[in-house]
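# Summary of the model geometry
Chain by chain, the residues run as shown.
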Amino acid sequence: MTITGEDRFLETIAADDKVEPRDWMPDGYRKTLIRQIAQHAHSEIIGMQPEGNWITRAPTLMRKIILMAKVQDEAGHGLYLYSAAETLGVSRDELQHLLHTGKQKYSSIFNYPTLSWADIGAIGWLVDGAAIVNQIALQSTSYGPYARAMVRICKEESFHARQGYSILLALSRGSEAQRAMMQDAIDRWWWPSLMMFGPPDAESTHTEQSMKWKIKRVTNDELRQQFVDQTVPQGQHLGVTFPDPDLTYDEGTGHWMIGDIDWDEFWAVVKGDGRLSRERIAAKVHAWEEGAWVREAATAYAEKVSLRRTA
Amino acid sequence: MTITAIAAPLLKYLVRLADDNLVLGQRLSEYIASAPEIEEDLAVANIGLDHIGVAQHLFSYAAEVEGEGRTEDDFAFWRTEREFTNALLVEQPHEGFGELIARQFLFDAYQLELWEALSRSSDERLAGIAAKALKEARYHLRHTSSWVVRLGDGTDESHRRMQDAIGAMWRFTGELFEADDLDRQMADEGVGVDPTTLHQAWTATVDEILAEATLHRPDDPYQASGGRSGMHSEHLGHLLAEMQWMQRTYPGLQW
Ligand SMILES: [Fe+2]
Ligand SMILES: [Fe+2]
């Protein structure tokens, strides 16, 4: 009996080892990973826009520096993730093209506008907070390069969530206007951040196969619950209320139970009808097209240099 | 809040140095998520962060020198256009990546010489800030020089664009090397440097890189001036309006 690539793949998965780029893998596994890693990379990059919107207006020099460093980290995360996707045989340019033409998605959360400085706090606390929960689980994903990218990224993410919470903490100790600004931000970002974990398990089309392949290790609903449980007490510490009248603590299970998520809104945003869906992509495409002459020049120069070397 | 007139020459000198860095850092921060490549978003943010960091150090030193309880943020957010003493070059907006690089390159080449000189300042605190900034300026200049060369000697289009971009920024370079009474006093005391003495080295650097980039040095005889005495272009007011908006809308709060 000969051992096939498939046998080896299944063994790797069963043993909780990592699949590496040169290993045989099923087509579906490769495609799922490309889709997921690309979507993750795009999210890091598109996510620079809503926060970038406040860098020029940050209220203090210190806050400006911290926010700029944070957004810069996100660009770095985009790079790690595009590199991880490239190990599966696609190029960064191809993936960016799929993003620009709407054929690949990014996290819907970034289609919401940042309307006040408090939104920057809410994003760090809730959006990066939710991303961390998701990414910690992905550190044990079965594809080696993706898992390793997650380990690097998670190291930086805790700083992101802390800077967000620190912005809110300052607001919570501030004036009435500052506390109102904070509450308004929580009212707008709470539900979208819960939607970041994706549709409920019962409706999630990709979950089952992804769990079998150990791409996904924890389900959407489990991750969402984990996030709610860690976040609600932090919100209480800030003195904010969550815009969910059904939010209650279940003594029996020790979990915070949330009300119904508006999945119609979620699907509308996923399908491209988010508040700023068109603007986000338009801005990205604009930057890409404006930069075409620069990329062409860099390529042309590199060719000239290598010609001069061989001449 | 009462903003007292800046009196002591050292204070004035530190604020002048800080203003260049803050305004340029603010300009660079506008560019986030607009670069031709992700790598360049990272690099521009990095350079911007360095400049704002230097401004922060200089302002907090200035606040100590003044000794009236002002903070770095008071200097950044509570002065008007006429009180800012940055050079005109750094407040110029950039139309695209070419102009951003041109402005940065011409300024990096100046700051390299400036920090080199100031790292030998008799004022230890200033010398320390300059020594750190010098290391950063070396990296900035290496980065922007490599772009000037690639864009100048890339395609016909990039050559034309880069030549135009250098041309657009050129008339703001002369001011960097003008000395006023404050510069001369600071230089005499061994604290500062006379900017006229930096011009030759700057010219050599710029000429060398422009030649490698197959670009020519613009021959525009007109050179604008006035930033050091608060006579700015119309651009600075808008930059400040955006940057100072939070502090001015919600005065006196902690963030
Ligand atoms: Fe990230
Ligand atoms: Fe993050």
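A few points on the structure. (Residues numbered from 1 in each chain as written. Chains lettered and ligands numbered in written order. Predicted model: local features only at pLDDT ≥ 70, side-chain atom pairs only at ≥ 80, totals over all residues. Heavy atoms only, no water.)

### Some thoughts on the overall build of chain A
Per the secondary structure count, chain A includes 13 helices and two strands. Scaling as 2.2 N^0.38, a compact globule of 311 residues should have a C-alpha radius of gyration of about 19 Å, and chain A matches this with 21 Å. Considering chain A as a whole, with its 311 residues, one finds that 57% of them fall into the buried category. Look at the contacts in chain A between residues 6 or more apart in sequence, and 77% of them connect residues 24 or more apart. When the accessible surface of chain A is totalled, it reaches about 14,000 Å², and 53% of it is carbon and sulfur. Charge centroids of chain A, computed over 34 positive and 42 negative side chains, lie 8 Å from each other. (Helix = DSSP H or I, 4+ residues; strand = E, 2+ residues; numbered from the N terminus. Rg over C-alpha atoms; globule rule 2.2 N^0.38 Å. Buried < 20%, exposed > 50% of the residue type's maximum accessible area, 1.4 Å probe, protein only. Contact = heavy atoms within 4.5 Å. Areas by Shrake-Rupley, 256 points an atom, 1.4 Å probe, with all protein chains shown as cover. Lys, Arg positive; Asp, Glu negative; His and termini not counted. Charge placed at Lys NZ, Arg CZ, Asp CG, Glu CD.)

### A look at the coordination of the iron ion (ligand 1)
All names here are of chain A. Every protein donor of the iron ion (ligand 1) is listed here as Glu-44 (OE), Glu-74 (OE), His-77 (ND1) and Glu-157 (OE), and their distances to the metal cover 2.0 to 2.3 Å. Mapping the donors of the iron ion (ligand 1) onto the primary sequence yields the spacing E-x29-E-x2-H-x79-E. Metal-to-metal, the separation of the iron ion (ligand 1) and the iron ion (ligand 2) is 3.3 Å; Glu-74 coordinates the two. Highlighted residues: His-77 in helix H4 (residues 61-86) and Glu-157 in helix H7 (residues 144-172), separated in sequence by 80 residues. The exposure class of His-77 is buried, given its relative accessible area of 0%. Residue classification places Glu-157 among the buried positions, given a relative accessible area of 1%. (Donors = N, O, S within 2.8 Å, 3.2 Å for Na, K, Ca; no water.)

### Things to note about the packing of helix H6 (residues 117-138) of chain A against helix H10 (residues 220-238) of chain A
Residues and elements named next belong to chain A. Remark: H6 packs on H10, axes separated minimally by 10 Å, with the N-to-C direction vectors making an angle of 145°. Like other packed secondary-structure pairs, H6 and H10 cross with a definite hand, here right-handed. On the side of H6, the interface is formed by Trp-125, Leu-126, Gly-129, Ala-130, Val-133, Asn-134 and Ala-137, while H10 contributes Leu-223, Gln-226, Phe-227, Gln-230, Thr-231, Gln-234, Gly-235 and Leu-238. (Axes fitted to C-alpha atoms, helices over the stretch in contact; angles between N-to-C directions. Left-handed = near helix turned anticlockwise from the far one by under 90°.)

### A closer look at H4(A)
Look at H4(A): 38 Å from first C-alpha to last across 26 residues, which is about the 38 Å you get at 1.5 Å a residue. Of all 26 residues in H4(A), 20 are buried, a share of seventy percent or more. (Expected span 1.5 Å × (residues − 1).)

### What to know about the coordination of the iron ion (ligand 2)
Around the iron ion (ligand 2), the protein contributes the donor atoms A:Glu74 (OE), A:Asp128 (OD), A:Glu157 (OE), A:Glu157 (OE) and A:His160 (ND1), which lie 2.0 to 2.7 Å from the metal centre. Summarised as a motif, the one-chain spacing of the donors to the iron ion (ligand 2) is E-x53-D-x28-E-x2-H.

### Quick word on the interface of chain B and chain A
Between chain B and chain A, the contact holds 48 residues from the first and 46 residues from the second. In total, about 4,100 Å² of surface goes out of reach between chain B and chain A, with carbon and sulfur atoms giving 70% of it. Inspection of the region where chain B meets chain A yields four salt bridges. Here chain B and chain A share 14 residue pairs in polar contact (both at pLDDT 80 or more) between them. Of all the elements in the fold, those that place two or more residues in the side of chain B that touches chain A are helix H1 (9-29), helix H2 (38-66), helix H3 (72-77), helix H5 (96-118), helix H6 (124-152), helix H7 (156-170), helix H10 (235-243) and helix H11 (245-249) of chain B. Element by element, the count of residues in the side of chain B that touches chain A is highest for H2(B), at 12 residues. Within the side of chain B that touches chain A, the residues separate by chemical class into 23 nonpolar, 13 polar and 12 charged. (Buried area = accessible area lost by both parts, 1.4 Å probe. Salt bridge = Lys/Arg side-chain N within 4 Å of Asp/Glu carboxyl O. Polar contact = N/O pair within 3.5 Å; in protein donor to acceptor, adjacent residues only side chain to side chain. Nonpolar A, V, L, I, M, F, W, Y, C, P; charged D, E, K, R; others polar.)

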